[in-house]
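Structure at a glance
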Amino acid sequence: MAGMEIEFKFHVPAQRLKAVEAAMRRGSVVRTRLQARYFDTEDQALAAQGIVLRLRKEGPRWVQTVKATGDNALHRLEHNVDLGAAAAGGGAPAIDPQRHQGTPVGERLAQVLAASGAPLVERQSTDIVRLTRDVRTTGAGAAVVELALDVGKVIAHAGTPDERESPVCELELELKRGGVQGLVALARRWSQQHGLWFSTVSKAERGTRLLAKVDAVPAVKAEAPRFANEKEKPGGRAIQQAVVASCLAQMLPNASEIAAGSTDEEQIHQLRIGIRRLRTALRELAGLDPRTGLFNGTEWEPPLVEAFRALGALRDREQVVKLAQPQLRDAGAPEFDPLAGDDAAPEAPSPGEVVRAPAFQSVLVSLIGFTAATAGEAAPQAEAEAAGQPASAPAPLDAAEARRLLRKRLQRLHRQAVRDGRRFESLSAEDQHRTRKRLKRLRYLAEFVAPLFVDADEEKMPAAERYLKRLRPAQDALGEFNDEAVARALYREATGRDARAWFAVGWFSARRAAGAKACRKALGRIAKAPRFWKKN
């Protein structure tokens, strides 16, 4: 059986498991023991390409499955082959990649194995007890959704002295038939009621980490959007979906790690960048499809702003001190810790608490669902009403209209940056900070839509790259200027606890005029930057 799997996967905290299981049993449930064996090459060629190959005993039957990442956070390519009931006293059947021949995911599997040339070996196994139940949703986006509660463990190096285990406790919601919006509504309800959080860590990934003996993984950074049709320019709705999917591809893995307890500074930093990129996308791309309720700001803006600020509250202060102390030391400042005795910081929520917050998780679920919605689901009644629009709101912009709107957005932000640059030294501190935020929006929007303004015969976006290169000196100058403003405020706050902080206040105040001048000059160079969107 081949197809596209659309599902949400949530981590279930141990203290919530009893309530989740009780909720599952309010309907007709099926209990199944799942014992799976996962295969890859020694150099993990399949894992590197987002492919999972497994044999799984589901009750009395064996099933061979291959999965691969799809085009967004909900989609996974999947092909299952039922191998029949297990023979009495017999072991597991042999793994055979040829069983998936003739399917899209099978072809991808074959290509990776051929390129690797290495044989398949068993990498890890799982032992899971699964409760499943089908739920029907009604109204707009009616759907049939399978709920699967998995409790068990992932095992690496089974039967050896180096055997290690990782617990599994998760709830999956898979769309069996119907609309994605029905799946989203159900996912939001269960995650909110039971304090669940969206997880990107699969059972196969858990096993890979066990094998590698790693507890922490690198932060995920931003990548450019992938537009489905590169020859024919996409319309407004498709642009929105591709850009939001790009933002989520950065946010979700980092958020998943932080929700599970990671305090890695780079993961927190990259999640904040992802939130900032997402806010730019939702704001600047709103006009591409007037029916998209998520883009009106009433639902998504407060939770994203709150998470962004909460994640940055402690990190920003620590980072500023880390950067400022060496400079102050070289300037002869007295040695002391400006954060010592600060009673505000301990009251701040942990990064995990910020990401696990129901409002933040709700926004993630809604946006993931938006990226997976089909054209036929573009504007259900509920979404139109959320946007304050009638159900008969204007259709999404076509490709030509979308590019015209994007040109206007880019041009407006470009002009504002140039205008603010000319008078930067005379702007208020608030307006100087606003200039920096606008410049970031200009950069992100340019990165998002650059592929839409590339001719078919043009090389790899040289015009857009040249433009973005011109923005970097201004970004750096404004970033340094902002860091010094934050440091000045932080040390001024510390003067109430330690008079030695006055040295830093005076030192940073004396640098302000030179910093503002550097910003003005750097912003002035943007005026001459070749605007790639003007070519078409």
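What counts, and where the lines are drawn
Residues numbered from 1 in each chain as written. Predicted model: local features only at pLDDT ≥ 70, side-chain atom pairs only at ≥ 80, totals over all residues. Heavy atoms only, no water. Helix = DSSP H or I, 4+ residues; strand = E, 2+ residues; numbered from the N terminus. Buried < 20%, exposed > 50% of the residue type's maximum accessible area, 1.4 Å probe, protein only. Contact = heavy atoms within 4.5 Å. Areas by Shrake-Rupley, 256 points an atom, 1.4 Å probe, with all protein chains shown as cover. Core = buried A, V, L, I, M, F, W, Y, C linked by side-chain atoms within 4.5 Å. Phe/Tyr/Trp six-rings, centres within 6.5 Å; stacked < 30°, edge-to-face > 60°. Lys NZ or Arg CZ within 6 Å of the ring centre and 35° of its normal. pLDDT = per-residue confidence, 0-100. Axes fitted to C-alpha atoms, helices over the stretch in contact; angles between N-to-C directions. Parallel < 35°, antiparallel > 145°, perpendicular 65-115°, else oblique. Left-handed = near helix turned anticlockwise from the far one by under 90°. Nonpolar A, V, L, I, M, F, W, Y, C, P; charged D, E, K, R; others polar. Salt bridge = Lys/Arg side-chain N within 4 Å of Asp/Glu carboxyl O. Arc of directions from axis to C-beta. Pairing = 2+ DSSP bridges.

1. As for the overall build of the chain
- Summing up its helical and strand segments, the chain has 15 helices and 9 strands in all.
- Every one of the 536 residues in the chain was classed for burial, and the buried ones make up 49%.
- Look at the contacts in the chain between residues 6 or more apart in sequence, and 75% of them connect residues 24 or more apart.
- Taken as a whole, the chain presents about 25,100 Å² of accessible surface, with 51% of it coming from carbon and sulfur.

2. Let's talk about the nonpolar core
- Among the nonpolar cores identified, the biggest contains 99 residues, and F8, L173, I275, L406, L410, L439 and F532 are the most heavily contacted of them.
- The greatest single-element share of this core, amounting to 11 residues, is contributed by helix α6 (residues 236-259).

3. Some words on unusual backbone geometry
- One non-glycine residue, Q44, lies in the positive phi region at around 55 degrees.
- Position of Q44 relative to the elements: it lies in the loop between β2 (30-40) and α2 (45-48).
- Judged by its relative accessible area of 24%, Q44 is partly exposed.

4. Quick notes on the packing of aromatic side chains
- Per the stated rule, a full pass over the model turns up 11 aromatic pairs.
- Consider the rings of F424 and F481, whose centres lie 5.5 Å apart with planes at 70 degrees: the pair is edge-to-face. A residue pair is termed long-range when its members are at least 10 positions apart, and F424 in the loop between α12 (399-422) and α13 (429-449) and F481 in helix α14 (residues 462-494) qualify at 57 residues.
- On the basis of relative accessible area, F424 is assigned to the buried category, the value being 0%.
- Centre to centre, the rings of F453 and F532 are 6.1 Å apart; their planes meet at 70 degrees, and the pair counts as edge-to-face. Taken together, the positions of F453 in the loop between α13 and α14 and F532 in the segment after α15 (501-524) put the pair 79 residues apart, joining distant regions of the chain. Like F532, F453 is buried.
- Ring-pair connections join several aromatic residues into one group, and the members of that group are F336, Y491, W507 and F508.
- The ring of F308 is capped by R272, whose NZ or CZ atom sits 4.0 Å from the centre of that ring.
- The ring of W197 has R356 sitting right over it, with the charged end atom 5.6 Å from the ring centre.

5. Here we look at the confidence of the model for the chain
- Residues with a pLDDT of 70 or more make up 89% of the chain, whose mean pLDDT is 89.
- No element of the chain has a lower mean pLDDT than helix α11 (residues 381-386), at 42, and none a higher one than helix α1 (residues 17-24), at 98.
- Every residue in residues 379-389 scores below 50 in pLDDT, and together they form 20 contacts with partners more than four places removed in sequence or on other chains.

6. Some thoughts on the packing of α6 against helix α10 (residues 358-372)
- For the pair α6 and α10, the least separation of the axes is 9 Å and the interaxial angle reads 135 degrees. As far as their axial angle goes, α10 and α6 are oblique. Of the two possible hands of crossing, α6 and α10 adopt the one that is left-handed. Contacts from R237, Q240, Q241, V244, A245, L248, M251 and L252 of α6 reach α10 at F360, L364, L367, I368, F370, T371 and A372.
- Along the lines of polarity and charge, the residues of the contact of α6 with α10 split into 11 nonpolar, 3 polar and 1 charged.

7. Section: the pattern of salt bridges
- Scanning all chains against the criterion turns up 35 salt bridges.
- Across the pair D150 and R130 runs a salt bridge whose closest N-O atoms are separated by 2.7 Å. Separated by 20 residues along the polypeptide, D150 in strand β7 (residues 143-156) and R130 in strand β6 (residues 121-137) bring together distant segments of the chain.
- When the shortest N-O distance is used, the salt bridge between R500 and D498 registers 2.7 Å.
- Its relative accessible area of 38% is what places R500 among the partly exposed residues.

8. Things to note about α1
- All of the buried residues along α1 are L17, V20, A23 and M24. Down the axis of α1, the buried side of the element spans an arc of 130 degrees, and every buried residue falls inside it.

9. Section: the packing of α12 against α13
- Packing of α12 against α13 leaves a shortest axis separation of 9 Å and a crossing angle of 150 degrees. At the point where α12 passes α13, the crossing takes the left-handed sense. In this structure, α12 contributes L406, R409, L410, L413, H414, Q416, A417, R419 and D420 to the contact, and α13 contributes T435, R438, L439, R441, L442, L445, A446 and V449.

10. Some words on the environment of S202
- Tracing the sequence through the fold places S202 in the loop between β9 (197-198) and α5 (203-212).
- Sequence separation of S202 and K9 is 193 residues, and the distance between their C-alpha atoms is 8.8 Å.

11. Considerations on the environment of V365
- Tracing the chain through its elements places V365 in helix α10.
- Along the primary structure V365 and W197 are separated by 168 residues, whereas in three dimensions their C-alpha atoms are 9.4 Å apart.
- If near-sequence neighbours (up to four positions away) are discounted, V365 is found in contact with F8, F10, V184, A187 and R188.

12. Overview of the pairing of β6
- Two elements, β2 and β6, share 11 bridges in a ladder whose sense is antiparallel. Bridge pairing in β6 links A36 to T126.
- Hairpin connection, β6 to β7: the antiparallel pair is bridged by 5 residues, and G139 has positive phi, about 80 degrees.

13. Regarding the environment of I6
- With respect to the helices and strands, I6 occurs in strand β1 (residues 2-11).
- C-alpha separation for the pair I6 and L77, spaced 71 residues apart in sequence, amounts to 8.9 Å.

14. Comments concerning the side chain of Q270
- With respect to the secondary-structure elements, Q270 resides in helix α7 (residues 265-284).
- Leave out the neighbours within four places in its chain, and Q270 touches A219, V220, K221, A222, Q250 and N254.

15. What to know about the side chain of T137
- Within the secondary structure layout, T137 lies in strand β6.
- On the basis of relative accessible area, T137 is assigned to the buried category, the value being 14%.
- Setting aside chain neighbours within four positions, we find T137 in contact with A142, A143, G182 and L186.

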